[in-house]
Amino acid sequence: MLNYGENSTFENVNILKEKTAVMEADMICAVGGGRSLDTSKVLAHMINKPIFTFPTLASNCAAVTCLSVVYYNDGSFREMFSEKKPPLHTFINTDVILNSPENYFIAGIGDALSKQYEALFSTRNENLNYRNFLGIEIIKNCSNDILKYYSEAVNDFRNKKVTDALNRVILHIIYTTGLTSVMVRDDYHISLAHGMYNGLTKVKRIGEKLLHGELVSYGILLLLTMDKQYEAREDIFKFNKSMSLPTCIKDIGISKASLEDEDLNTALDGALAGKDLNISPYKVDKEMILKAIIDLEEFNNRQ
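Let us look at the structure shown here. These numbers come from a predicted model, not from an experiment.

Comments concerning the sheet that holds strand S1 (residues 28-32)
Think of a sheet as strands paired side by side through backbone hydrogen bonds, with each pair either parallel or antiparallel. The strand order S1-S2-S5 describes an open sheet built from three strands, whose pairing is parallel. Strands at the two margins of the open sheet, each flanked by one partner only, are S1 and strand S5 (89-90). The sheet contact formed by S1 and strand S2 (residues 51-55) spans five bridges and is parallel. The partner of Gly32 across the bridge, within S2, is Pro55. Set on the sheet, helix H3 (residues 34-47) makes contact with S1 and S2; between it and S1 the angle comes to about 165 degrees.

Laid out in structure tokens, this is it:
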């Protein structure tokens, strides 16, 4: 077994390509969390080998998708890399996931909750072909179902107890969201929540401190605030509070809701630099996101 190098970078992919065992293998079996699986998927794409994934965490949908998040060596977001096809099969073992760190599972729920809101926001005004229509149909009640079962699932996770609720939430994190990612256009299932994650990784101390799903969970609140989906924001706010996930800029390590704050300015530039907001029902700019941040701060202060 070869180590992927601790981060999903093109540099680590190139190191693996030099290994004789890799080049002579008939297939790649990728084991681990999101960055391990993403590295392996890029590698499989580049050397044209079939890949099977074995996620050891329920922290994201990397095990299923044909997209990989690629970072620079400093840990900041670089690009979304598209593979020719998704893994041939994903093997999900609940007993293995039950022995993973709890914070990754909770962050995974935070990440999975974003897909319904982002996909429905991005495609609101789009005329979808059948494949994209089907992908959106798959995700349109995913967040609602997670919010119904997450409390029971987290309790079962803590008690190391395999139940229908736990399996249901794990499958939403890895499979439901992943299947939508495979079915629809890349810029149809991402939006501000993941854009803010990408931007926040540009601030090294934030990107190193908080997990992917933890930052995405804050981004969901921003999206719902910006789009005036206040009832849904209330649901996600309660979830975040119950799971000690971020609800305000202080929680992610930013001191001031102003473009005068260098870290926030860097994060907003990063959020708008990728393709996450290419497809939106209306144009989203830096001032609009900043207003959502300020409005969300005021909402926090009222609670």
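Still to come is the rest of the account.
Re the packing of helix H5 (residues 102-122) against helix H12 (residues 230-242)
Look at H5 against H12: their axes get within 12 Å of each other, and the N-to-C directions meet at 175 degrees. Relative to H12, H5 is oriented roughly antiparallel. Residues Ile109, Gly110, Leu113 and Tyr117 of H5 form the contact with H12, whose own contacting residues are Ala232, Ile236 and Phe239. Across the contact of H5 with H12, the residue classes tally to six nonpolar, one polar and no charged.

Let's talk about helix H13 (residues 262-273)
Here H13 is twelve residues long and its end C-alpha atoms lie 16 Å apart, about the 16 Å a rise of 1.5 Å per residue gives. Here the buried face of H13 lies against helix H9 (192-200) and helix H14 (286-302). Taking the backbone nitrogen of Asp263 as reference, a side-chain oxygen 3.0 Å away marks Asp261 as the first, capping residue of H13.

A short note on the pattern of salt bridges
By the definition in use, this model includes 13 salt bridges. Lys204 is the partner of Glu208 in a salt bridge, and the nearest nitrogen-oxygen pair spans 2.8 Å. Of this pair, Glu208 and Lys204 both sit in helix H10 (residues 204-209), four residues apart, which is roughly one turn of the helix. By relative accessible area, which is 44% here, Lys204 ends up partly exposed. For the salt bridge of Lys256 with Glu260, the shortest nitrogen-to-oxygen distance reads 3.0 Å.

The rules behind the values
Residues numbered from 1 in each chain as written. Predicted model: local features only at pLDDT ≥ 70, side-chain atom pairs only at ≥ 80, totals over all residues. Heavy atoms only, no water. Pairing = 2+ DSSP bridges. Helix = DSSP H or I, 4+ residues; strand = E, 2+ residues; numbered from the N terminus. Contact = heavy atoms within 4.5 Å. Axes fitted to C-alpha atoms, helices over the stretch in contact; angles between N-to-C directions. Parallel < 35°, antiparallel > 145°, perpendicular 65-115°, else oblique. Nonpolar A, V, L, I, M, F, W, Y, C, P; charged D, E, K, R; others polar. Expected span 1.5 Å × (residues − 1). Polar contact = N/O pair within 3.5 Å; in protein donor to acceptor, adjacent residues only side chain to side chain. Salt bridge = Lys/Arg side-chain N within 4 Å of Asp/Glu carboxyl O. Buried < 20%, exposed > 50% of the residue type's maximum accessible area, 1.4 Å probe, protein only.

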